[in-house]
Structure formats: C-alpha cells, structure tokens
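Working through the structure, step by step
Spelled out, the chains give:
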Amino acid sequence: MPPTSSNSWRSNLLVLTVTVVSMVLMRTRMTTAAHAASQIVESGKLFLVYGTAWKKEHTAHLVDMAVKSGFRFIDTACQPRHYNEPGVGEGWSGAASHLGLQRSDFFLQTKYTPFGGQDPDNCPYDPQSPIEDQVRISLETSLRNLKTDYLDSWVMHSPFQEFEDTMKAWRTMETYVDAGKVKGLGMSNCYDPELFATLYDMAKHKPKVLQNRFYAASNFDTELRRFCKEKGIWYQSFWTLTANRDALATTEVHELATSKNLNPQTLLFAFLLSLGYVTPLSGTTSATHMQHDVEVMERFQSGEVFFENEDELRVMARYLGMPDL
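Residues numbered from 1 in each chain as written. Predicted model: local features only at pLDDT ≥ 70, side-chain atom pairs only at ≥ 80, totals over all residues. Heavy atoms only, no water.

**Description of the nonpolar core**
To be explicit about the condition: Here, nonpolar core refers to any group of buried Ala, Val, Leu, Ile, Met, Phe, Trp, Tyr and Cys residues whose side-chain atoms link them within 4.5 Å. Only protein chains enter the accessibility calculation, which uses a 1.4 Å probe; a residue is then buried when its area is under 20% of its type maximum, exposed when over 50%, and partly exposed in between. Here a strand is any run of E in DSSP of at least two residues, a helix any run of H or I of at least four, and the numbering for each starts at the N terminus. Contact criterion: two residues are considered in contact whenever any of their non-hydrogen atoms come within 4.5 Å of each other.
Core analysis: the largest hydrophobic core is formed by 94 residues, its most contacted members being Tyr112, Trp154, Phe196, Leu210 and Phe271. Considering every element that reaches this core, the biggest residue donor is helix α11 (residues 264-274), with seven residues. In this structure, Tyr112 is in contact with Tyr125, Ile131, Gln134, Val135, Ser138, Trp154, Val155, Met156, His157, Phe160, Ala169 and Met173, ignoring residues within four places of it in sequence.

Here's what the structure looks like:
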C-alpha cells in the first residue's frame, strides 16, 4: 500500500477509534449520570428534579432529552390543564429503553389535583364523585399514563378549602402506601405553616415532600423550610429561576458564580442543594441547560463543596433577599 494510502488509512482508523470511544463514553454518561434514583435516595444525597409543567405536546420529547442528559427524578401531575402526563410516560420509558435503564433507575412523582385546580372540561375524574373515588381514579390514571405499577412519590397538588376534605383525601392516599402502590406522599402549593404542621401531626404516613414556589412573595417559605429541615422533609422549589431573575442578573451573583465555575442559574441550584434539604425543580427546555443542571448535580453528589460554611451561604441568601436559610 502506498505511503499516502497508509497514512490515510491510519488517519481514518484513528478517527473511527475516537468516534467509537466518544460514543461509548457518551452512552456511559447517559446511563450513569445521576446514577440510579433508588441508590441516590438510599444514600441521602440530594438531587434536581425535572419538572414537566406547561410542556404540552413537546412533553415526551423533552422528558426523553432530560433523561438522556442525566435526569432521573421526574415530576408531573394528573392534571391535563398544565401537564401532559401520558407524554411523561412516553418520554421516560422510551429513553429508558434506549439507554438500557430499569424502572428502579427512576424516581417518578405525580400529583392528585383537587377539582379546584382542574380544567372543568378536561378532568380525569368525575368531580361529582366522592373525594375517595377522585383520588382512586387519579392514581389509576397516573399509573396507566406513566407506564408503571407504582409511584415513588404522590403529591396532593394543593390543600382543599376545608381541612376536613384535605385529610379525607390524604387518608385515601395513605391506603395506597399501605398497598405498596406508592412509596411516599407529599403536599404542594401549601403556604400555611400551621396547616402543614397539623397535616404532618395527623398523618399516618408523614409527608416526605413539600413542593412550593420559591419566591419573595412567600418570604421564601422561611418558616415552612425550617419545618422541613427539622422533620427531614424534601423541600422542592419550583419557579426557582424565573422568580429570582433580578437577583441572578446582579454583578455580585455573576462574580460569585464565576468563582465557583458555575453560571448564575447553576449557582442558585448549588446553593439550594447545599442547604441540605432542598431538591429544586428544573423545567428547562434547553439541551445545554439540561447538561449544565446535571453537571452541577453530579459535582454536588460527588462531594464537591460549593459553599465552605454558613457565612458563605448567608451571603448568597442576602443576594436573593432571603431572610434566613
């Protein structure tokens, strides 16, 4: 073979080898990023959750993309008004099949939404039926939509106007924990510390999750977050980036992010994870941002310390306008 052909052959072989190695490394990253959700939960390490609200017909594609980026914790709701729950089921299961992942590699969380939060023209259950039946049908629908026979977390989307109805729904949800269909329960859109504490005291199966907006109008849920920290409850923040855009745009935050090899958005996620009890939601539709989010989560889970002490945490809290950690 002439020297030029030999060099060309070696060059092509090198390119092919690099390509194959890159593909293997990429597949390894996709199958191990954020590792198995069940192992993360058992380890006590915190994580980011991929939020699926408002994604409509793009839901399946975006969930598929999120899983391939490394997300393993996924949040949705049995509420067609704001969520495409069947799309979530299609997205995670399709990505899992492609990557060779199992159901236990994922943490699937959905919600029972009381009728007040539903679209009256597209409700998954008969609103005239008893609350117990609404809860049952919502669960059956979610399991079918999500292509699973159990939920890792089932959240009440909001309290009822009457606390008696809230407890009636909660008691019904508890029966499915007893039956092994649900691993844990939670509450969302609850900004009343007294109500949440009362629910906690009365519950047989204590809430493991409180999912709320993280913003100044609620005083950043200071009292509720303190309660979650004391009781070992995951505080799941949503609207995290959108509600704090002004703070993230400041020179101080940009400089702090740069010093930690982060951007302002991932700095906020790193800050919340560093509090020790917050599992923020990311609802990004950008593949690049998904990768950034997974990278900061992996850095945190690998033991990297972003904030050396409480004083550093309080500096970031001050930039955000948070009255306390």
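Past the structure itself, the notes keep going.
**As for the environment of His292**
Mapped onto the fold, His292 is located in helix α12 (residues 287-301). Sequence separation between His292 and Gln265 is 27 residues, and the spatial gap between their C-alpha atoms is 9.1 Å. Not counting residues up to four positions away in its chain, the partners in contact with His292 are Asn263 and Thr266.

**Overview of the pairing of strand β3 (residues 107-112)**
Threshold: Pairing between strands is defined by DSSP: at least two bridges between the two strands are required. Handedness of a crossover is defined as follows: orient the strands so they point away from the viewer, and if the path from the first strand over the helix to the second runs clockwise, the crossover is right-handed.
In terms of burial, β3 is largely enclosed, as six of its six residues are buried. Judged by which residues are buried, β3 turns out to be covered on both faces: Phe107, Gln109 and Lys111 on one side and Leu108, Thr110 and Tyr112 on the other are all buried. Relative to β3, strand β2 (residues 73-75) runs parallel, the two sharing three bridges. Its bridge partner being in β3, Phe73 is matched across the sheet by Phe107. Regarding the hand of the β-α-β motif, the stretch spanning β2, helix α4 (residues 85-99) and β3 is right-handed. As paired strands, β3 and strand β4 (residues 153-156) are joined by four bridges and run parallel to one another. Paired with Lys111 across the bridge in β4 is Val155. Read from β3 through helix α5 (residues 131-145) to β4, the crossover connection turns out right-handed.

**Considering the packing of helix α7 (residues 193-202) against helix α8 (residues 222-231)**
Here is the rule: In this description, a line fitted to the C-alpha atoms serves as the axis of each element, helices being fitted only across the stretch in contact, and the angle between N-to-C directions of two axes falls anywhere from 0 to 180 degrees. In this scheme, roughly parallel covers angles under 35 degrees and roughly antiparallel covers those over 145, while 65 to 115 is roughly perpendicular and the rest are oblique. Each helix crossing is assigned a hand: it is left-handed if the near helix lies turned anticlockwise from the far helix by less than a right angle, otherwise right-handed if that turn is clockwise. Ten residues, namely Ala, Val, Leu, Ile, Met, Phe, Trp, Tyr, Cys and Pro, are considered nonpolar, four, namely Asp, Glu, Lys and Arg, are considered charged, and the remaining ones, Gly among them, are considered polar.
Closest axis-to-axis distance for the α7/α8 pair is 9 Å, and the angle between their directions is 25°. Of the possible angle classes, the one that applies to α7 and α8 is roughly parallel. When the axes of α7 and α8 are compared, the crossing they make is right-handed. Contacts from Pro193, Phe196, Ala197 and Tyr200 of α7 reach α8 at Glu223, Leu224, Phe227, Cys228 and Lys231. Of the residues in the contact of α7 with α8, the class split is seven nonpolar, no polar and two charged.

**Quick notes on the pattern of salt bridges**
Put simply, the test is: Salt bridges, as used here, are contacts in which a Lys or Arg side-chain nitrogen is within 4 Å of a carboxyl oxygen on Asp or Glu.
Under the defined criterion, the tally for this structure stands at 12 salt bridges. The closest approach of N and O atoms between Lys68 and Asp64, which form a salt bridge, is 3.2 Å. Separated by four residues within a single helix, Lys68 and Asp64 lie in helix α3 (residues 59-69), roughly one turn from each other. Where Lys204 meets Asp178, a salt bridge forms, and the shortest distance between an N and an O atom there is 2.9 Å. Within this pair, whereas Lys204 is found in the loop between α7 and β6 (209-213), its partner Asp178 is found in helix α6 (residues 163-178), the two being separated by 26 residues in sequence.

**A short note on the packing of aromatic side chains**
How we decide: Each Phe, Tyr or Trp ring (for Trp, its six-membered ring) is paired with any other whose centre lies within 6.5 Å, and the angle between the two planes then decides the class: stacked below 30 degrees, edge-to-face above 60, tilted in between.
Scanning all chains against the criterion turns up 16 aromatic pairs. Pairing Tyr50 with Phe71 gives two aromatic rings, centres 5.4 Å apart and planes at 55°, and the pair type is tilted. One end of the pair, Tyr50, is in strand β1 (residues 49-51); the other, Phe71, is in the loop between α3 and β2, and 21 residues separate them in sequence. Its relative accessible area of 0% is what places Tyr50 among the buried residues. The interplanar angle of 75° and the centroid separation of 5.8 Å between the aromatic rings of Phe196 and Phe227 together place this pair among those described as edge-to-face. Remark: Phe227 occurs in helix α8 and Phe196 occurs in helix α7; sequence separation between them is 31 residues. Of the two residues, Phe196 and Phe227, neither departs from the other in class, the shared state being buried.

**With respect to the sheet that holds β3**
If you walk across this open sheet you meet the eight strands as β7-β6-β5-β4-β3-β2-β1-β8, and the pairing is parallel. For this open sheet the edge positions go to β7 (234-238) and β8 (281-282), each flanked by a neighbour on one side alone.

**Quick look at the packing of α3 against α4**
Running from N to C, α3 and α4 point in directions that differ by 40°, and their axes come no closer than 7 Å. The angle between α3 and α4 falls in the class oblique. Judged by the twist between their axes, the crossing of α3 over α4 is right-handed. Residue-level inspection shows Thr59, Ala60, Val63, Asp64, Val67 and Lys68 of α3 in contact with α4, the latter providing Gly87, Val88, Glu90, Gly91, Trp92, Gly94, Ala95, His98 and Leu99. In terms of residue class, the contact of α3 with α4 is made up of seven nonpolar, five polar and three charged.

So yeah, pure geometry; function would need other evidence.
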